[in-house]
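Next come the chains, spelled out residue by residue.
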Protein chains: 2
Amino acid sequence: MKEINPSTQLKMSVQLAVTAWDLQNKQLLKLLDTIPNEQLLSEVSPGKNTGHYLLGHLVAVSDAMLPLFGLGESLFPELLEIFIRNPDKSGLSKSSVSELKGNLHAVNTRLSEAFATLSPADWLDRHTAVSAEDFEKEPHRNRLNVLFSRTSHLAYHIGQLALLK
Amino acid sequence: MKEINPSTQLKMSVQLAVTAWDLQNKQLLKLLDTIPNEQLLSEVSPGKNTGHYLLGHLVAVSDAMLPLFGLGESLFPELLEIFIRNPDKSGLSKSSVSELKGNLHAVNTRLSEAFATLSPADWLDRHTAVSAEDFEKEPHRNRLNVLFSRTSHLAYHIGQLALLK
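What counts, and where the lines are drawn
- Residues numbered from 1 in each chain as written.
- Chains lettered and ligands numbered in written order.
- Predicted model: local features only at pLDDT ≥ 70, side-chain atom pairs only at ≥ 80, totals over all residues.
- Heavy atoms only, no water.
- Helix = DSSP H or I, 4+ residues; strand = E, 2+ residues; numbered from the N terminus.
- Buried < 20%, exposed > 50% of the residue type's maximum accessible area, 1.4 Å probe, protein only.
- Contact = heavy atoms within 4.5 Å.
- Areas by Shrake-Rupley, 256 points an atom, 1.4 Å probe, with all protein chains shown as cover.
- Lys, Arg positive; Asp, Glu negative; His and termini not counted.
- Charge placed at Lys NZ, Arg CZ, Asp CG, Glu CD.
- Expected span 1.5 Å × (residues − 1).
- Buried area = accessible area lost by both parts, 1.4 Å probe.
- Salt bridge = Lys/Arg side-chain N within 4 Å of Asp/Glu carboxyl O.
- Polar contact = N/O pair within 3.5 Å; in protein donor to acceptor, adjacent residues only side chain to side chain.
- Nonpolar A, V, L, I, M, F, W, Y, C, P; charged D, E, K, R; others polar.
- Core = buried A, V, L, I, M, F, W, Y, C linked by side-chain atoms within 4.5 Å.
- Least-squares fit on C-alpha atoms with pLDDT ≥ 70 in both.
- 1 Å grid on protein atoms, 1.4 Å probe; cavity = no way out; pocket = protein on both sides within 12 Å on 5 of 7 lines; lining within 4 Å.
- Points joined across faces, edges and corners; volume = space filled by probe spheres on them.

Peer 1: Tell me about the overall build of chain A, residues and numbers included.
Peer 2: Along chain A, the regular secondary structure elements total 8 helices and 0 strands. Listing each helix as α and each strand as β along chain A from the N terminus yields α-α-α-α-α-α-α-α. On the principal axes, the C-alpha backbone points of chain A span a range of 50 × 40 × 25 Å. Considering chain A as a whole, with its 165 residues, one finds that 45% of them fall into the buried category. Counted over contacts in chain A with a minimum sequence separation of 6, partners at least 24 positions apart contribute 68%. Roughly 7,700 Å² of accessible area belongs to chain A as shown, and the carbon and sulfur atoms make up 52% of that amount. Here chain A carries 16 positive and 18 negative side-chain charges, and the mean point of each set is 5 Å from the other.

Next up, the structure:
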């Protein structure tokens, strides 16, 4: 390859990681466009989570990245209790599929804006769930690592949602 | 964070990406340990792919990364036709689940050894499916980008296999 300096290579690597995250989000939106809202109320496989729950779960997990990355407050903190701390059949009342789709759009927009402000060094800096002391010992506990983990988590559940097509 | 130079940051970023890939492979092995081989013959949801097919598919896709990355020949090229080019119900005879688990182990071992030889610059260099000319115009068509895509692909199907637990 052409000789390019490490700074440029670093920027490119981080950009590819963010693009991989964006791509999964696009896949999710594309998939949701092919599944009628009523169909999302079904279980992805008998006895497993509904599409409704998985959608809420993904919105809540993405939303929680805002405070975790030190990029502001969650937009819909009420989703945490319903879609992360509790399982599908908790009996808790859930926002409708249509509301969750609106929430998804709002969270993705906010995250994209916030990610655009981060430098490569910011991505390699600690997230808010690790103390400065622990980060000295465990420098991999940075935003980029969480982004990788969240991208895989998103793909995992998209694989399940795709079964509702 | 402590001031570290871009070369070190680049190395760390690439290492995190490889670790994210390794982690998904560990998740797959852990999951396979909890599902009896007979259970993998079931469909992950009625009318969808069997666990057997998905396992073969994942082995074939990982195996194909060896030639794609210029790291040698595929170990089990015969899987391509059965588990990538054709769907589950093709009628083609399939290796057993137990054989595929052995293949998975062999492919993962070979990939790990090969990945350990790659420098950050190698990861950002083109893979074998893109010509030098096209790579000039599309520098994102590198090994690292494929690794991101394959990690998401793996997570997607792990999400489906997990439904067989």
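Peer 1: Run through helix H8 (residues 143-161) of chain A, naming residues and quoting values.
Peer 2: Across its 19 residues, H8(A) extends 26 Å between first and last C-alpha, which sits within 8% of the 27 Å expected from 1.5 Å per residue. A large share of H8(A) lies buried, amounting to 14 of its 19 residues.

Peer 1: Would you mind going over the interface of chain B and chain A in detail, with residue names and values included?
Peer 2: Facing the 38 residues of chain B at the interface are 38 residues of chain A. Carbon and sulfur atoms supply 68% of the area buried between chain B and chain A, which totals about 3,200 Å² over both sides. Counting every contact that joins chain B to chain A gives 0 salt bridges. Taken together, chain B and chain A are joined by 6 residue pairs in polar contact (both at pLDDT 80 or more). Mapped onto the side of chain B that touches chain A, the elements with two or more residues apiece are helix H1 (6-34), helix H6 (132-137) and helix H7 (143-161) of chain B. The element best represented in the side of chain B that touches chain A is H1(B), accounting for 11 residues. Its residues assigned to classes, the side of chain B that touches chain A shows 21 nonpolar, 12 polar and 5 charged.

Peer 1: How would you explain the nonpolar core if you had to name every residue and give the values?
Peer 2: Counting 92 residues, the largest nonpolar core has Phe115(A), Trp123(A), Leu147(A), Phe115(B) and Trp123(B) as the members making the most contacts within it. If we skip the residues at most four places from it in the chain, Phe115(B) touches Val18(B), Trp21(B), Met65(B), Phe69(B), Leu71(B), Trp123(B) and Leu147(B).

Peer 1: How would you explain the relation of the copies chain B and chain A if you had to name every residue and give the values?
Peer 2: Superposing chain B onto chain A takes a rotation of 180 degrees combined with a translation of 0.0 Å along the rotation axis, leaving an RMSD of 0.0 Å. What the superposition gives is, in effect, a two-fold axis relating one chain to the other. In this assembly the copies share their binding face: 100% of the residues contributing to the interface of chain B also contribute to that of chain A.

Peer 1: Describe the pattern of salt bridges, naming the residues involved and giving the relevant values.
Peer 2: All names here are of chain A. Applying the stated criterion across every chain, the model contains 12 salt bridges over all chains. Here Lys-89 ties to Glu-43 by a salt bridge, and the two come within 3.1 Å at their closest N and O atoms. Residue Lys-89 is found in the loop between helix H4 (78-83) and helix H5 (97-115), and its partner Glu-43 is found in the loop between helix H1 (6-34) and helix H2 (51-63); the two are separated by 46 residues along the sequence. Residue classification places Lys-89 among the exposed positions, given a relative accessible area of 52%. Close ionic contact of Lys-89 with Asp-88 constitutes a salt bridge, the shortest N to O distance being 3.9 Å. Accessibility expressed as a relative area gives 7% for Asp-88, which makes it buried.

Peer 1: Kindly report on the side chain of Gln24(B), identifying the contributing residues and their values.
Peer 2: One can find Gln24(B) in helix H1. By relative accessible area, Gln24(B) is classed as buried at 9%. Not counting residues up to four positions away in its chain, the partners in contact with Gln24(B) are Ser152(A), Thr151(B), Leu154(B), Ala155(B) and Ile158(B).

Peer 1: How would you summarise the layout of surface pockets if you had to cite specific residues and measurements?
Peer 2: In this structure, the largest pocket occupies an estimated 380 Å³ of space. Considering the residues around the largest pocket, the lining is formed by 19 residues, among which Leu23(A), Gln24(A), Asn145(B), Phe148(B) and Ser149(B) are closest to the centre. A per-element tally of the lining of the largest pocket places H7(B) first, with 7 residues. Per-class residue counts for the lining of the largest pocket are 8 nonpolar, 10 polar and 1 charged. One number sums up the size of the second largest pocket: a volume of about 240 Å³. Lining the second largest pocket are 13 residues; nearest its centre among them are Tyr156(A), Gln24(B), Gln27(B), Ile158(B) and Ala162(B). Of all elements in the fold, only H8 of chain A together with H1 and H7 of chain B reach the threshold of two or more residues within the lining of the second largest pocket. Take the lining of the second largest pocket: its biggest share by element is 5 residues, from H1(B). By residue class, the composition of the lining of the second largest pocket is 5 nonpolar, 6 polar and 2 charged.

Peer 1: Outline empty space enclosed by the protein, supporting the account with residue identities and numerical values.
Peer 2: Tallied over the full model, the rule gives 3 cavities of 30 Å³ or more. Approximately 80 Å³ is the volume attributed to the largest cavity. Together, Ala20(A), Phe148(A), Thr151(A), Ser152(A), Ala17(B), Ala20(B), Phe148(B), Thr151(B) and Ser152(B) line the largest cavity. Counting only elements with at least two residues in the lining of the largest cavity, the list comes to H8 of chain A together with H1 and H7 of chain B. A class-by-class count of the residues in the lining of the largest cavity yields 5 nonpolar, 4 polar and no charged.

Peer 1: Hey, could you go over H2(A) for me, with residue numbers and the actual values?
Peer 2: Between its first and last C-alpha, H2(A) extends 18 Å over 13 residues, near the 18 Å set by a 1.5 Å rise per residue. Of all 13 residues that make up H2(A), 13 are buried, and the element is covered over most of its length.

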